[in-house]
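Structure assessment
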Amino acid sequence: MNHIHFNVNVNFQQLVEAVKQLSPDEKIKLNEAIWDENMMIPKEHQTLVLDRIKKAKRNPSRMLDWDEASKTLKP
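These figures come from a predicted structure and were not determined experimentally. Numbering of residues starts from 1 in every chain and runs along the sequence as written. Side-chain atom pairs in this predicted model are given and counted only at pLDDT of 80 or more, local residue features only at pLDDT of at least 70, and totals for whole chains, interfaces and linings cover all residues. Water and hydrogen atoms play no part in the side-chain values, which are based on all heavy atoms of the structure.

Moving on, we come to the overall build of the chain. Helix numbers and strand numbers start at the N terminus; a helix is a DSSP run of H or I with at least 4 residues, a strand a run of E with at least 2. On a plain count of helices and strands, the chain comes out with four helices and zero strands. Tracing the chain from N to C terminus, the helices and strands come up as α-α-α-α. Every radius of gyration here is taken over C-alpha atoms, with the globule rule written as 2.2 Å times N^0.38, N being the number of residues. Here the C-alpha radius of gyration of the chain, 20 Å, is well above what a compact globule of 75 residues would show, namely 11 Å. The dimensions of the chain, computed from C-alpha atoms along their principal axes, are 55 × 30 × 25 Å.

Looking now at a positive patch on the surface. Patch building starts from residues that exceed 30% relative accessible area and form no salt bridge, then joins like charges within 9 Å and nonpolar side chains (Val, Leu, Ile, Met, Phe, Trp, Tyr) within 5 Å. Each accessible area is a Shrake-Rupley result for a 1.4 Å probe, and residues are judged covered by the shown protein chains and nothing else. Put simply, a salt bridge is a Lys or Arg side-chain nitrogen that is within 4 Å of an Asp or Glu carboxyl oxygen. Only four residue types enter the tally: Lys and Arg on the positive side, Asp and Glu on the negative side, with His and both chain ends excluded. By convention, charge coordinates are those of NZ in Lys, CZ in Arg, CG in Asp, or CD in Glu. A cluster of basic residues, R52, K54, R58 and R62, forms a positive patch on the protein surface. Locating K54 in the fold gives a position in helix α3 (residues 43-58). Since its relative accessible area comes to 52%, K54 is described here as exposed. Under the scheme applied here, a residue whose accessible area is under 20% of the maximum for its type counts as buried, over 50% as exposed, and between as partly exposed, the area being computed with a 1.4 Å probe on protein chains only.

What follows deals with a nonpolar patch on the surface. Residues I4, F6, V8, V10, F12 and L15 make up a contiguous nonpolar surface patch of about 680 Å² in total accessible area. Considering the arrangement of structural elements, one finds V10 in the segment before α1 (12-20). Relative accessible area serves as the criterion here: at 43%, V10 is assigned to the partly exposed category.

Next up on the list: the layout of surface pockets. Cavity and pocket criteria rest on a 1 Å grid covering protein atoms alone: a 1.4 Å probe that fits but cannot get out defines a cavity, protein on both sides within 12 Å along at least 5 of 7 lines defines an open pocket, and an atom within 4 Å of a point defines a lining residue. Grid points are joined across faces, edges and corners, and a volume is the space filled by probe spheres set on the points. Its volume calculated, the largest pocket comes out at about 530 Å³. Taken together, 14 residues make up the lining of the largest pocket; nearest its centre are N2, I4, L22, E26 and L30. Listed by contribution, the elements that provide at least two residues to the lining of the largest pocket are α1 and α2 (24-34). Top element by residues in the lining of the largest pocket is α2. It accounts for five residues. Three residue categories are used. Nonpolar comprises Ala, Val, Leu, Ile, Met, Phe, Trp, Tyr, Cys and Pro, charged comprises Asp, Glu, Lys and Arg, and polar comprises the others, including Gly. Residues belonging to the lining of the largest pocket are distributed by class as follows: nine nonpolar, two polar and three charged.

Just distances and angles here, no functional claims.
This is how it looks when you write it as C-alpha cells:
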C-alpha cells in the first residue's frame, strides 16, 4: 500500500483540489476511509427512513418517477 505523509496547512478549497488529483480508485478508497461503515446513524433517522419505505410499499402510486420529480426542483 502506498503511504502519503504530509503536515501542511490547507484551506478547504485547496484540499478539494488535491483530492481531484487522485485517481478514481484512490478517490473511492478515500471515500471509504472517511465514511466508516461503523458510523452510527441516529435512531430517529433510521425510524424516518423505515417509515417512508413502509408507506411506499403500502401505496406505490404515491411515488414519483425521478424524471418527473426532478423537474419540480428549483436550481
